[in-house]
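This is what each chain is made of:
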Amino acid sequence: MSQTHCTIKGIIQQILARKKEVIWGNIVAITATLLVVLTPLFIPILVDELLLGKEHNFIAWISKNILTTDTKGYVFLVLGIIIFLRILSTFLSILQTKIFVSISKNITYHMRTSLLNHLKRVSLKEYEMMHVGAVTSKLVTDIETIDGFISSTISKFIVSILLLFFSAIILLSIHWPLAIFILITNPIVVLFTVKLSRNIGTLKKEENKAVEVFQSTLTETLELFYQIRAANKENYFFKQSQMKAEALKEYAINYDYKSEAAMKFSYLIFLAGYEVFRAVSILAVAYSDLSVGLMLAIFSYLWVMVGPTQDIINFQYVLATAKAACTRINSIYLMKQEPLKDEPINPFKEKESIDIEVKNLYFSYKKDKSILENINMHIKQGSKVAIVGASGSGKTTLANILVGFYPIDSGEIYYGGISNQFLKFSTIRENIHLILQQPKLFNDTMRFNLTLGNTYSDKEIRNAIHIAQLDDVIKSLDNGLDTLVGKDGIKLSGGQRQRVAIARMILSDPEVVIFDESTSALDIHTEINLFEALQEFLSSKTVITIAHRLSTIQSAEYIYVLEDGKMVDSGTPKVLLSKDESYFSSMV
Ligand SMILES: Nc1ncnc2c1ncn2[C@@H]1O[C@H](COP(=O)(O)OP(=O)(O)OP(=O)(O)O)[C@@H](O)[C@H]1O
Ligand SMILES: [Mg+2]
């Protein structure tokens, strides 16, 4: 089962879905609990039967059935039994922890997986506004908060209730009026603490938010470290992170000490109650038939009840913090995803290439600012077209739309005659390869950056490297294809990175290729060699080239000119347009 949103109810359902482990864990927990609950019963035996010489029930039974010995012997025997029970209980509680930890870690693992699956399909518009650090902090810190909640629910809550329940039964059987007094007073303490816990949830939310702010500031600073150093702004940016760390410190102090204070305060009330119970028990010995041994047993039960009562008190806080964490986690689920569409026909299937027809396309990143207006294009299968236009005219935007990065506002794009409405973005991107102007590389080997984890033969890789004019580059690297390229490929030049992106495209062998200023960093000589080498590879493919340099689009058959998001020259054969060289002369 998959949980798409974080709710307390959902988490409880996830716990219950692991019935077998939960039941098994609880059987172990209950056994461990029973062993703990039983031990104080030996006190009246030791005190009343052995010290005060009252009726010999248990001792008589032992001497009849097991062995007869003197007082010293019985004391050691009972001591031995108690220590054995405690050891057994400890081992069982370790086993119980193991079972419960595995349940909680499995649930949080599934929560993380579900969040990652959501993020995987998040729309680019959402991604552009995303703070990476903020998202990671939710996947780490908030999930940990949930983990704390799950462990205290399944491992502590049920056992605590049981401990209280068994203790109550034994107390009732020892001295019922005293027991009733204790059992009525106890819930009052718990109720009191519920009120205190409300505030704690808010404090936890503030603390986790501060973690998020710190983490996103630090992540951004580290991501842009190169630029920051170039601008000599380390002090400013690291100071920002330091300030966020300071705010985090304040929130953490606030949460830690206030939640601790609330818990201590609740505990104080409980301890005060405990002292009252103790006094009342002494009175019960003085004025009723309660024996000293049983009084001491009651003291022990009061002590047995401290832990569970505290756990139930804490549960209020853990619940409050878990609710706060869920709210924060749900903000990830609120991020919009790329729409999922039905795909009756895949136009790319078993084709060498396809044609692309754009009809009355309108697009805007934000509602009030239109970027592309009424774009019409018909790019025939296997043809080579160019899109030119001034900076900011919308060329990259159009390329991004053709590969399905953003949904369009209106109009239609037909791929091989099939409307974009019936195609998944992933299918489009699988078959149309956009090479970016500033390709980002992974901080991994050259080989990985070329293959992106796909398997290709050495021959295929060599061929791609050769066409992309990378032979000399690879040769000059210390470890050839196994050289690490550094963060964002920082160890390579801009032009080398562009050629790596082109080699990556050659390996993926798409049906349509879009070059968006993909060779802008190459010298004209290398660029000419590259396009010559690419000619055969591209011959049957539909190719769209976006460029400022006339040399880049020399092989284009048709040229589209964009101006302020409008197509001013649509599909003019290059021969016609190149007669009016004025546009290009301004570009070259
Ligand atoms: N992700 C985005 N969110 C909002 N606005 C954007 C985004 N990307 C681009 N724009 C805006 O869209 C307009 C067109 O940008 P685009 O990158 O398509 O231009 P371009 O023609 O490729 O320019 P250049 O030649 O400089 O690469 C610009 O005004 C830009 O500010
Ligand atoms: Mg651009």
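Throughout, a residue's number is its position along its own chain's written sequence, starting from 1. Naming scheme: in the order in which they are written, chains are lettered from A and ligands are numbered from 1. Side-chain atom pairs in this predicted model are given and counted only at pLDDT of 80 or more, local residue features only at pLDDT of at least 70, and totals for whole chains, interfaces and linings cover all residues.

Novice: Help me get a handle on the environment of H548, residues and values and all.
Specialist: A run of H or I in DSSP counts as a helix once it spans at least four residues, and a run of E counts as a strand once it spans at least two, with each numbered from the N terminus. You can see H548 is positioned in the loop between β8 (542–546) and β9 (558–563). Taking C-alpha positions, H548 is 9.1 Å from I387, a pair spaced 161 residues apart along the chain.

Novice: Let's hear about the nonpolar core: which residues, and what values?
Specialist: A set of buried Ala, Val, Leu, Ile, Met, Phe, Trp, Tyr and Cys residues, joined through C-beta atoms within 7 Å, is what we mean by a nonpolar core. For every residue, the other C-beta atoms within 10 Å of its own C-beta are counted; 20 or more classify it as buried, 12 or fewer as exposed, and values in between as partly exposed. C-beta atoms are placed from the backbone. Formed by 62 residues in total, the largest nonpolar core has its most connected members in A468, A503 and I514. Per element, the largest residue contribution to this core is 6 residues, and it comes from helix α17 (residues 494–508). We call two residues in contact when the distance between their C-beta atoms, placed using the backbone, is within 7 Å. Setting aside anything within four residues of it in sequence, one finds A503 in contact with L450, A464, I465, A468 and L470. M111, I150, F214 and C326 belong to the second largest nonpolar core, which has 34 residues in total.

Novice: Describe in detail the domain arrangement of the chain, supporting the description with residues and values.
Specialist: What marks off one domain from the next here is an automatic or database domain assignment. As assigned here, the chain comprises domain 1 (8–333) and domain 2 (356–587). Centre-to-centre, using C-alpha coordinates, domain 1 lies 58 Å away from domain 2.

Novice: Which residues make up the site of ligand 1, and what values go with them?
Specialist: By nearness alone, every residue bordering ligand 1 is listed as E128, Y365, I371, G389, S391, G392, S393, G394, K395, T396 and T397. In terms of residues, the shell around ligand 1 owes the most to one element, helix α12 (residues 395–402), which gives 3 residues. Residues are grouped as follows: Ala, Val, Leu, Ile, Met, Phe, Trp, Tyr, Cys and Pro are nonpolar; Asp, Glu, Lys and Arg are charged; all remaining types, including Gly, are polar. Residues that form the shell around ligand 1 fall into these classes: 2 nonpolar, 7 polar and 2 charged. For each residue, a C-beta position is placed from the backbone atoms; the residue is near a molecule or strand when that point lies within 6 Å of it.

Novice: Explain the pairing of strand β1 (residues 356–366) to me, using residue names and the numbers behind them.
Specialist: Both β1 and strand β2 (residues 369–379) contribute to a ladder of 7 bridges, which runs antiparallel. Bridge pairing in β2 links K366 to K369. We treat two strands as partners when DSSP finds at least two bridges between them. Hairpin connection, β1 to β2: the antiparallel pair is bridged by 2 residues. Two strands pair when backbone bridges link them, and β1 and strand β4 (residues 410–415) are joined in this way by 5 bridges, in the antiparallel orientation. Following the sheet pairing, E357 is matched in β4 by Y414.

Novice: Any details on unusual backbone geometry? Residues and values, ideally.
Specialist: Despite not being glycine, E350 shows a phi value in the positive range, around 55 degrees. Considering the arrangement of structural elements, one finds E350 in the loop between α11 (292–333) and β1. Note on E350: 5 C-beta atoms within 10 Å, which makes it exposed. Phi is positive for L452, which is not a glycine, with a value near 50 degrees.

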